[in-house]
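The lines below spell out each chain.
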Amino acid sequence: MANKPKILLIYTGGTIGMVKDFETNALRAFNFDNLLVRIPEIKQLECDITTQSFKEPIDSSNMNLDYWRQIVSIIEDKYNEMDGFVVLHGSDTMSYTASAISFMLENLSKPVVFTGSQLPIGDLRTDAKENLITAIQVASLQENGIPQIQEVCLYFEYKLYRANRTTKINAEHFEAFSSLNYPELAESGVHLKVFKQNLLERNLNPLIVHRNMCTDIAVLKLFPGINEATVRAVLETPNVKGVILETYGAGNAPTLKWFEKLIAKALNKEIKIVNVTQCAGGSVLMGHYETSSHLQTLGVISGKDITFESAVAKLMYLLGEEISDNKFKTIFETPIRGEITA
Ligand code: ASN
């Protein structure tokens with residue numbers, strides 16, 4: 001190929017690049033250079049690969065906002081030079097990071113493909129090789145010299161998903177992720193099939209990088225029998241600016257007076273409360289049952305069919321943008337990166 005696509009491979013850590021410590025038997029991150037030695041097949045791909053690694057690769061349980069900023073800075077620095085980006089990341093928090101990056105990069109016109117693995121690259125039965133090789137191929141897909149995929153996605157076990165629609169659903173199976181509310185973007189079999197109708201539309205505006213995420217948020221997960229002290233403790237967390245209310249079914253919650261009062265009190269303090277269902281699939285529909293009408297009347301934001309991971313990222317992003325109180329609800333309820341169904 002005359003002009004091979006240029007791909008930047010960013011290694012943040014995770015099982016994909018881990019080895020077993022023989023003394024403790026625990027998995028720990030190892031030097032990224034060894035990753036390419038382990039997969040010589042990469043050199044056969046029809047693209048030019050440059051690699052960049054975190055100084056200290058991490059288990060993704062240690063992921064945080066500073067690391068998210070590092071990832072977007074690496075992408076921003078090389079944005080004009082590269083045709084696509086592959087981010088190697090631990091699977092545990094991959095959906096959170098990939099969702100956050102989708103909000104932090106506005107007007108993205110190149111692919112950013114997250115991948116990782118369930119077994120370390122050195123393991124005989126590893127899933128790392130297929131995931132890595134196909135993720136690079138996906139990031140290299142072009143049509144008339146233009147990247148075919150222009151959004152943040154996640155590739156795992158033969159499927160390419162919109163990243164901010166995914167959830168890690170299995171700690172053991174190779175098929176570790178699912179996207180229940182949005183169809184796959186591509187599937188890898190004998191052929192690599194891209195479902196064009198599921199991709200985000202091409203964006204012609206210049207890239208805008210957002211770094212001001214606000215982490216002053218809390219989560220209130222409902223369960224039968226939850227008491228007033230627990231609800232109060234979460235809603236009255238010092239400095240909290242946003243709360244994700246994890247509700248039942250189509251967005252339902254207790255109709256108890258004390259519960260309603262505490263929600264109303266938090267909203268009066270301009271704390272943003274987002275209703276996200278505990279169900280893996282389906283959507284919040286406030287007002288469908290009496291047990292959600294009170295939340296709607298009070299002005300709770302509907303997360304619609306957003307994933308929990310994406311709701312965390314979007315809430316941090318919109319709070320960081322300091323959007324006025326009267327616009328916040330409307331913007332949260334509108335898809336901005338394909339994260340909810342219109
Ligand atoms: N603990 C690992 C991580 O998220 C799990 C994995 O990558 N499969 O970094």
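Residues numbered from 1 in each chain as written. Predicted model: local features only at pLDDT ≥ 70, side-chain atom pairs only at ≥ 80, totals over all residues. Heavy atoms only, no water.

### Some remarks on the overall build of the protein chain
Per the secondary structure count, the protein chain includes nine helices and 20 strands. Along the first, second and third principal axes, the C-alpha set of the protein chain runs to 65 × 55 × 35 Å. For the protein chain, with 342 residues in total, the buried portion stands at 52%. At a minimum sequence separation of 6, the contacts of the protein chain that also span at least 24 residues come to 74%. Taken as a whole, the protein chain presents about 15900 Å² of accessible surface, with 49% of it coming from carbon and sulfur. Separation of charge centres in the protein chain, based on 33 positive and 40 negative side chains, amounts to 2 Å. (Helix = DSSP H or I, 4+ residues; strand = E, 2+ residues; numbered from the N terminus. Buried < 20%, exposed > 50% of the residue type's maximum accessible area, 1.4 Å probe, protein only. Contact = heavy atoms within 4.5 Å. Areas by Shrake-Rupley, 256 points an atom, 1.4 Å probe, with all protein chains shown as cover. Lys, Arg positive; Asp, Glu negative; His and termini not counted. Charge placed at Lys NZ, Arg CZ, Asp CG, Glu CD.)

### Examining the site of the ligand
Close contacts around the ligand come from G14, T15, D59, S60, G90, S91, D92, S117 and Q118, and that covers them all. Measuring from a nitrogen atom of the ligand, one finds a backbone N or O atom of S117 at 2.9 Å. Relative to its unbound accessible area of 270 Å², the ligand is 91% covered by the protein chains. (Near = heavy atom within 4 Å. Polar contact = N/O pair within 3.5 Å; in protein donor to acceptor, adjacent residues only side chain to side chain.)

### Quick look at the UniProt feature "active site" (unreviewed entry) in the protein chain
As annotated by UniProt and renumbered to match this structure, "active site" (unreviewed entry) occupies T15. Among the structural elements, T15 can be located in the loop between β1 (6-13) and β2 (18-20). Beyond its immediate chain neighbours, meaning those up to four positions away, T15 contacts S117, Q118, L119, P120 and I121. (UniProt positions renumbered as here; feature names shortened; annotations may be inferred.)

### Some details on the sheet that holds β1
The strands that make up a sheet pair up through hydrogen bonds in the backbone, lying either parallel or antiparallel. Pairing within the open sheet is mixed, and its eight strands lie in the order β4-β1-β5-β7-β10-β11-β14-β15. Either end of the sheet is taken by a strand with one partner, and the two such strands are β4 (48-58) and β15 (192-194). The sheet shows a mean angle of 20 degrees between the axes of neighbouring strands, direction not considered. Across the sheet, helix α2 (residues 65-77) is in contact with β1, β4, β5 (84-88) and β7 (112-115); its angle to β4 comes to roughly 160 degrees. Set on the sheet, helix α3 (residues 94-104) makes contact with β7 and β10 (152-156); between it and β10 the angle comes to about 155 degrees. (Pairing = 2+ DSSP bridges. Axes fitted to C-alpha atoms, helices over the stretch in contact; angles between N-to-C directions.)

### With respect to the sheet that holds strand β19 (residues 272-277)
The strand order β17-β18-β19-β20 describes an open sheet built from four strands, whose pairing is parallel. Strands with a single pairing partner mark the edges of an open sheet, and in this sheet they are β17 (217-221) and β20 (301-302). Across five bridges, the pairing between β17 and strand β18 (residues 242-247) is parallel. Each residue of the ladder has a partner; that of L220, found in β18, is L245. In this fold helix α8 (residues 308-320) packs onto β17, β18 and β19, with an angle of close to 160 degrees to the strand it touches most, β18.

### Focus: the UniProt feature "domain: Asparaginase/glutaminase C-terminal" (unreviewed entry) in the protein chain
If you check UniProt for "domain: Asparaginase/glutaminase C-terminal" (unreviewed entry), the listed places come out as residues 217-332 in our numbering. Helix makes up 43% of residues 217-332 and strand makes up 16%, while its end C-alpha atoms are separated by 15 Å.

### Re the packing of aromatic side chains
The final tally for this structure, using the stated rule, is six aromatic pairs. When the centroid spacing of 6.3 Å and the interplanar angle of 5 degrees are considered together, the rings of Y79 and F85 count as stacked. Residue Y79 shares its accessibility class with F85, and that shared class is buried. A cation over an aromatic ring shows up here: K272 above the ring of F328, its NZ or CZ 5.0 Å from the ring centre. Directly above the ring of F332 sits K314, whose terminal nitrogen or CZ lies 4.9 Å from the centroid. (Phe/Tyr/Trp six-rings, centres within 6.5 Å; stacked < 30°, edge-to-face > 60°. Lys NZ or Arg CZ within 6 Å of the ring centre and 35° of its normal.)

### Observations concerning the environment of L319
Residue position: L319 is located in helix α8. Classification of L319 by relative accessible area gives buried; the value is 12%. For the pair L319 and T215, spaced 104 residues apart in sequence, the C-alpha to C-alpha distance is 8.5 Å.

### So, the pattern of salt bridges
Evaluated as defined, the whole model comprises 16 salt bridges. E260 is the salt-bridge partner of K257, the closest N and O atoms lying 3.6 Å from each other. Of the two residues, K257 and E260 are both situated in helix α6 (residues 257-268); the distance of three residues between them amounts to about one turn of the helix. K257 gets classed as exposed once you look at its relative accessible area, which sits at 61%. Shared partners join several salt bridges into a network, and the residues in it are E228, R232, E236 and K265. (Salt bridge = Lys/Arg side-chain N within 4 Å of Asp/Glu carboxyl O.)

### Details of the packing of helix α5 (residues 228-235) against α6
Interhelical geometry of α5 versus α6 gives an angle of 5 degrees and a closest axis separation of 10 Å. Regarding the angle of α5 to α6, the classification is roughly parallel. Residue-level contacts link E228, V231, R232 and L235 of α5 to W258, F259, L262, I263, K265 and A266 of α6. Among the residues forming the contact of α5 with α6, the class breakdown is seven nonpolar, no polar and three charged. (Parallel < 35°, antiparallel > 145°, perpendicular 65-115°, else oblique. Nonpolar A, V, L, I, M, F, W, Y, C, P; charged D, E, K, R; others polar.)

### Regarding unusual backbone geometry
Apart from glycine, the bulk of residues carry a negative phi angle, and the bulk of peptide bonds sit in the trans form. Look at N107: it is not a glycine, yet its phi comes out positive at around 65 degrees. In this model, E270 sits at a positive phi of 65 degrees, which is unusual for a non-glycine residue. When you line up the elements, E270 lands in the loop between α6 and β19.

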